[in-house]
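# Chain and residue survey
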Amino acid sequence: MKRAATKIRVMVVNDHPVVRFGLLAIFAAQPDFTVVVEAGSGEEAIELFRRRQPDVCLHRLRLTNFGGAEVIRALRKDFPASVFIVLTT
């Protein structure tokens, strides 16, 4: 008996729209992933993560106005098992 495939639910957080669009396109081409939400700021990321609770959050570390590390710390308080992949330059 085959187990039904479950896609990994991803959140993309990046304050550069062109980069975010590119990341969304990459995930759209992957059969095992689905982007369930995207955010362009730290404040938006916190709100949307709480609402959608993705499996993985691909997160830019250096966000304008609200640091990525601050966002991750805030979310880890309520979601300690959450998974974050950090993008940085």
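In what follows, the accompanying structure is described. (Residues numbered from 1 in each chain as written. Predicted model: local features only at pLDDT ≥ 70, side-chain atom pairs only at ≥ 80, totals over all residues. Heavy atoms only, no water.)

This paragraph deals with the overall build of the chain. Each helix and strand counted, the chain has three helices and four strands in total. Relative to the globule expectation of 12 Å for 89 residues, the C-alpha radius of gyration of the chain, 13 Å, shows essentially globular dimensions. Viewed in the frame of its principal axes, the chain has a C-alpha envelope of about 50 × 30 × 20 Å. Evaluated residue by residue, the chain yields a buried proportion of 36% over its 89 residues. Excluding contacts between residues fewer than 6 apart, the proportion of contacts in the chain whose partners are at least 24 apart in sequence is 67%. Accessible area of the chain: about 5,800 Å², with a carbon and sulfur share of 57%. Averaging the coordinates of the 13 positive side-chain charges in the chain and doing the same for the 9 negative ones gives two points 6 Å apart. (Helix = DSSP H or I, 4+ residues; strand = E, 2+ residues; numbered from the N terminus. Rg over C-alpha atoms; globule rule 2.2 N^0.38 Å. Buried < 20%, exposed > 50% of the residue type's maximum accessible area, 1.4 Å probe, protein only. Contact = heavy atoms within 4.5 Å. Areas by Shrake-Rupley, 256 points an atom, 1.4 Å probe, with all protein chains shown as cover. Lys, Arg positive; Asp, Glu negative; His and termini not counted. Charge placed at Lys NZ, Arg CZ, Asp CG, Glu CD.)

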